[in-house]
Amino acid sequence: MKKLYSKFLYVIASLNYPSVLKDYRYFIRDNYYSRTRQILFFWKDYMTKPKYKVIEFQGEFDQELRYVIPFAYWHHLNGTLKKTISCTNTKELYFFSEDHEERHTKRIWELGYSNYEIPNMTHSASFSYTKWKQVPFKSFYKNDVFRYDKPILLVANKYNIEWDDAPLNYFNLEFLDWLITHYSDTYQIIYNRPLNTQIVSDNSEILDLNEHCWLRERHPGVILMNDLYEANIGLVNNFNHLQLMVYANCDRFISAHGGTAAFASYFGGINVILSKRGIEHHLKEFDSIFPQLSGATIYHAENENALKAYVEKYF
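Residues numbered from 1 in each chain as written. Predicted model: local features only at pLDDT ≥ 70, side-chain atom pairs only at ≥ 80, totals over all residues. Heavy atoms only, no water.

1. Brief notes about the packing of helix H1 (residues 2–16) against helix H2 (residues 22–36)
Stage number 1. Look at H1 against H2: their axes get within 8 Å of each other, and the N-to-C directions meet at 120°. The two elements H1 and H2 cross, and the hand of that crossing is right-handed. Two secondary-structure elements touch here, H1 through Lys-2, Tyr-5, Ser-6, Leu-9, Tyr-10, Ile-12, Ala-13, Ser-14 and Asn-16 and H2 through Lys-22, Arg-25, Tyr-26, Ile-28, Arg-29, Tyr-32, Tyr-33 and Thr-36.
Stage number 2. Of the residues in the contact of H1 with H2, the class split is nine nonpolar, four polar and four charged. (Axes fitted to C-alpha atoms, helices over the stretch in contact; angles between N-to-C directions. Helix = DSSP H or I, 4+ residues; strand = E, 2+ residues; numbered from the N terminus. Left-handed = near helix turned anticlockwise from the far one by under 90°. Contact = heavy atoms within 4.5 Å. Nonpolar A, V, L, I, M, F, W, Y, C, P; charged D, E, K, R; others polar.)

And the structure:
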């Protein structure tokens, strides 16, 4: 029965999005399936409203940010959230949860694509916001600690294996040098590329770009998030907590594809995303769910030249 229903949903996805590649229609089908399953919870969610919902997730950080946390926040506002379960150092991401358990020490990306309990569970050409609410990270974590004489420009980088291949979506030293040289007089630039000891890993091995020492020597005016963490260990609970506090005080972001870009889209303002490749392009997700995360203005750059052009125009 489930196979027949899945085939039916694939036909619906094909009729609704004939221009989408056939392989990508399976993602849309799976989203349809996860949404229709929500009918099972109609009575509890809209009629009796007991505190019953236990939401557990161990998949990719990107999916958790886009789909899971807004779903959990909806249940919190609805009065039906009982408990949330996720990975190490995620309590601050679920600040609204009365009972949050950090059960998992590693992310397993495959689990995110078999979890049909979340209405939006994967990539799609459209999303349902019926049980999805913007999470107010910015207003909750805004503070007077991480404030500077100039407005913050947050550069959120990554350098890891992508799709079992070499790093692709990242800011190289040439771009960083250009950016800092041209914008350090206007902004207090904060550079963020978490180390593998600071975040929970998944299938993407984190490599070393060797830029931290280079930045300290060549551009000492740039503040490194790693240095901020070491200087504020007594103030923040973990690296995610620090990121939330610093990002909450920022309105200008330059971020790299993936969870890095999704997180930077949570705080309003402008986020210029470097994404050279990804299903997000074809399904136009930078125009749909990314702006929905906070109302941020999102600009998608497919290469360094486009990235520089957006920065020059809007920063």
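2. Some thoughts on the sheet that holds strand S8 (residues 270–274)
Stage number 1. Spatially, the six strands line up as an open sheet ordered S6-S5-S4-S7-S8-S9, and their pairing is parallel. The two strands at the open ends of the sheet, each matched to only one other strand, are strand S6 (223–224) and strand S9 (297–301).
Stage number 2. Bridge count between S8 and S9: five bridges; the pairing is parallel. When the bridges of S9 are listed, Ile-270 appears paired with Thr-297. (Pairing = 2+ DSSP bridges.)

3. Digging into the sheet that holds strand S2 (residues 81–87)
One key point about sheets: their strands pair by backbone hydrogen bonds, in either a parallel or an antiparallel sense.
Stage number 1. One open sheet holds the three strands; their spatial order is S1-S2-S3, and the pairing between them is parallel. A single partner strand is all that each edge strand has here, and the edge strands are strand S1 (53–56) and strand S3 (100–104). Averaged over all pairs of adjacent strands, the angle between strand axes in this sheet comes to 20°, irrespective of strand direction.
Stage number 2. The pairing of S2 with S3 spans four bridges and is classified as parallel. Considered in S3, the bridge of Thr-84 is made with His-100.
Stage number 3. The sheet contacts of helix H4 (residues 61–78) involve S1 and S2, and relative to S1 the element is tilted by about 165°.

4. Describing the pairing of strand S5 (residues 188–192)
Stage number 1. In terms of burial, S5 is a largely internal element, five of the five residues being buried.
Stage number 2. Burial along S5 is two-sided: Gln-188, Ile-190 and Asn-192 and Ile-189 and Tyr-191, pointing in opposite directions, are all buried.
Stage number 3. Pairing between strand S4 (residues 152–156) and S5: five bridges, direction parallel. Note that in S5 the partner of Ala-156 across the bridge is Asn-192.
Stage number 4. Between the parallel elements S4 and S5, the chain passes through helix H7 (residues 173–183) in a crossover that is right-handed.
Stage number 5. Note: S5 against S6, two bridges, orientation parallel. Bridge pairing in S6 places Ile-190 opposite Ile-223. (Buried < 20%, exposed > 50% of the residue type's maximum accessible area, 1.4 Å probe, protein only. Right-handed = clockwise from strand over helix to strand, strands pointing away.)

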